[in-house]
Amino acid sequence: MSRAVRGIRRWAAAIVMGSFLVGCGATEEPASGKAGADGAGPRTAVDVRPVKASSTITDAQGVTITAERPPKRVVCLVALCDDMLAELGMTPTATNSTLLAHPAFLGPERAGRIPVVPGGFLSPEAEAILSHEPDLVIGLEDTHGKLAPALKGATTFWPVQPSTWEDSVGYLRNLAALTGRTEQAEAAEKRLRTKLAAAEGEKSGKTALIIFGSDENFGVATPKNDVAAGLFPKISSYPWEGRGVEGSYSLEEILARDVDVLFVETLSFGASDGKLSAKLSDNPLWSRIPAVRNDKVVEVNSEVWAKGRGTRSLGIVLDEATAALR
């Protein structure tokens, strides 16, 4: 594999997976006492613990954030931040994500009014961030942690690193505590838990797969390495495990698993040059996959599926996935 291709795959992994380091868990999962659809364990509880407002929080990664007053001006360097703010009824002061343009968020017109942080996802400019006079800056730890020294003393930087949907819920609860928007967070968590529990109750027997990429060097989204993929073992057969940032699955291996429904995340690095599924169609093995033969290949919005990672994005993932898996 060429150095250029390895670089693209690391970039894709950074965007889609965040990190391969798994945190200690963001929320305490209440026991529901109800058997899951496959009898393997309890279904996701729908009860939500109250969120208490606080000027200091400690997240699941052990990061402590203190705010002298509830943050109002928040700059988002990762789409999870945009998702959380939307759930809390807030909008970012500036962002480098296009997630909010999705119609389930603000839509393109309203989202277009939010200033964009120059430098892109990998290299947002510190001076540009500070020009917005933020109370809080939220970024991905393994990508934006290098900005911390440049922001220190001028604002508060919060490095996040979600690996599971529980992590995402935990971060939402943390931000709600800091901003005082506790009821909104409880309602958002309740919606996601209720939707996930319902999907578990009607678990599909079909084999699903999520792939991502920009060309034939695609990756497979796996639980604990990809937040959205972590939902799939609860709602379908999902026999895919992480192989590290440089490892993935071949089309031969995918063909052997008899995939019934294939979800495709096309990642664009600049101007879009076509769908990943169309590029893979040149490979003769592609047409032999059951999902391809039966027209069950679903091109999904990568801003939501790959990058969103918050409760609203994950709710959309569940809606679209369960519909395709029926």
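Predicted model only: the values in this text are computed from it and were never measured.

What am I meant to see in the packing of helix α8 (residues 182-201) against helix α14 (residues 311-325) here?
If you want to describe how two helices pack, look at the angle between their axes and the distance between the axes. For the pair α8 and α14, the least separation of the axes is 9 Å and the interaxial angle reads 20 degrees. Classified by the interaxial angle, the pair formed by α8 and α14 is roughly parallel. Judged by the twist between their axes, the crossing of α8 over α14 is left-handed. Taken together, the residues of α14 that come into contact with α8 (itself represented by Ala188, Leu192, Lys195, Leu196 and Ala199) are Thr311, Leu314, Gly315, Leu318, Asp319 and Thr322. Of the residues contributing to the contact of α8 with α14, the split by class is 6 nonpolar, 3 polar and 2 charged.

Would you explain the sheet that holds strand β5 (residues 136-140) in this entry?
Two orientations exist for strands paired in a sheet by backbone hydrogen bonds: parallel and antiparallel. The strand order β4-β3-β5-β6 describes an open sheet built from 4 strands, whose pairing is parallel. Every interior strand has two partners, whereas the edge strands, β4 (94-95) and β6 (156-160), have only one. In this sheet, β4 lies alongside strand β3 (residues 74-76) in parallel orientation, the contact comprising 2 bridges. Bridge pairing links Cys76 to Thr95 in β4. Contacting β5 and β6, helix α7 (residues 165-179) crosses the sheet at an angle of about 160 degrees to β6.

Quick question: what am I supposed to make of the environment of Thr266 here?
Tracing the backbone through its elements, the reader meets Thr266 in strand β9 (residues 261-266). Judged by its relative accessible area of 12%, Thr266 is buried. Sequence separation between Thr266 and Asn301 is 35 residues, and the spatial gap between their C-alpha atoms is 7.9 Å. Among all residues touching Thr266, those that are not within four sequence positions of it are Gly213, Gly274, Lys275, Leu276, Glu299 and Ser302. At a separation of 2.9 Å, a polar atom in the side chain of Thr266 contacts the main-chain amide nitrogen of Leu276. Within the structure, Thr266 has its side chain in polar contact with the side chain of Glu299 (distance 3.0 Å).

Just checking my understanding: could you explain the pairing of β9 for this structure?
As a general feature of sheets, a regular strand has side chains that alternate between the two faces. Burial within β9 is extensive, with 6 of its 6 residues counted as buried. Along β9, one buried face is formed by Val261, Phe263 and Glu265 and the opposite face, lined by Leu262, Val264 and Thr266, is buried too. Note: strand β7 (residues 208-213) against β9, 6 bridges, orientation parallel. Its bridge partner lying in β9, Phe212 is registered against Glu265.

Quick question: what am I supposed to make of α7 here?
Three or four residues apart is the spacing at which side chains of an α-helix point the same way, because the helix has 3.6 residues per turn. Between its terminal C-alpha atoms α7 stretches 21 Å, which fits the 21 Å expected from 15 residues at 1.5 Å a residue. Within α7, 14 of the 15 residues are buried, which leaves it mostly tucked inside the rest of the structure. Gly180 lies just past α7 and shows a positive phi near 80 degrees.

What is the right way to read the nonpolar core from this model?
Here is a general trend for soluble globular proteins: nonpolar side chains tend to be buried in one another's company. In terms of nonpolar packing, the biggest core is built from 57 residues, with Ile211, Phe232, Ile254 and Phe263 touching the most fellow members. Setting aside its immediate chain neighbours within four residues, Ile254 contacts Leu209, Phe218, Val220, Trp240, Tyr249, Val259 and Ile289. Among the nonpolar cores identified, the runner-up in size contains 28 residues, and Met84, Leu85, Phe121 and Ala188 belong to it.

Any chance you could explain the pairing of β6 here in plain terms?
With 4 of 5 residues buried, β6 lies mostly within the body of the structure. Both β5 and β6 contribute to a ladder of 5 bridges, which runs parallel. Note on β6: the bridge partner recorded for Leu140 is Val160.

Looking at this structure, I do not really get the packing of α7 against α8. What am I missing?
Contact pair α7 / α8: the axes reach a minimum separation of 8 Å and the direction vectors enclose 165 degrees. In terms of their interaxial angle, α7 and α8 are classed as roughly antiparallel. You can see that α7 and α8 cross each other, and the crossing is left-handed. Facing Trp165, Val169, Leu172, Arg173 and Ala176 of α7, the residues of α8 in contact are Thr182, Ala185, Ala188, Glu189, Leu192, Arg193 and Leu196. Per-class residue counts for the contact of α7 with α8 are 8 nonpolar, 1 polar and 3 charged.

Quick notes on the rules
- Residues numbered from 1 in each chain as written.
- Predicted model: local features only at pLDDT ≥ 70, side-chain atom pairs only at ≥ 80, totals over all residues.
- Heavy atoms only, no water.
- Axes fitted to C-alpha atoms, helices over the stretch in contact; angles between N-to-C directions.
- Helix = DSSP H or I, 4+ residues; strand = E, 2+ residues; numbered from the N terminus.
- Parallel < 35°, antiparallel > 145°, perpendicular 65-115°, else oblique.
- Left-handed = near helix turned anticlockwise from the far one by under 90°.
- Contact = heavy atoms within 4.5 Å.
- Nonpolar A, V, L, I, M, F, W, Y, C, P; charged D, E, K, R; others polar.
- Pairing = 2+ DSSP bridges.
- Buried < 20%, exposed > 50% of the residue type's maximum accessible area, 1.4 Å probe, protein only.
- Polar contact = N/O pair within 3.5 Å; in protein donor to acceptor, adjacent residues only side chain to side chain.
- Expected span 1.5 Å × (residues − 1).
- Core = buried A, V, L, I, M, F, W, Y, C linked by side-chain atoms within 4.5 Å.

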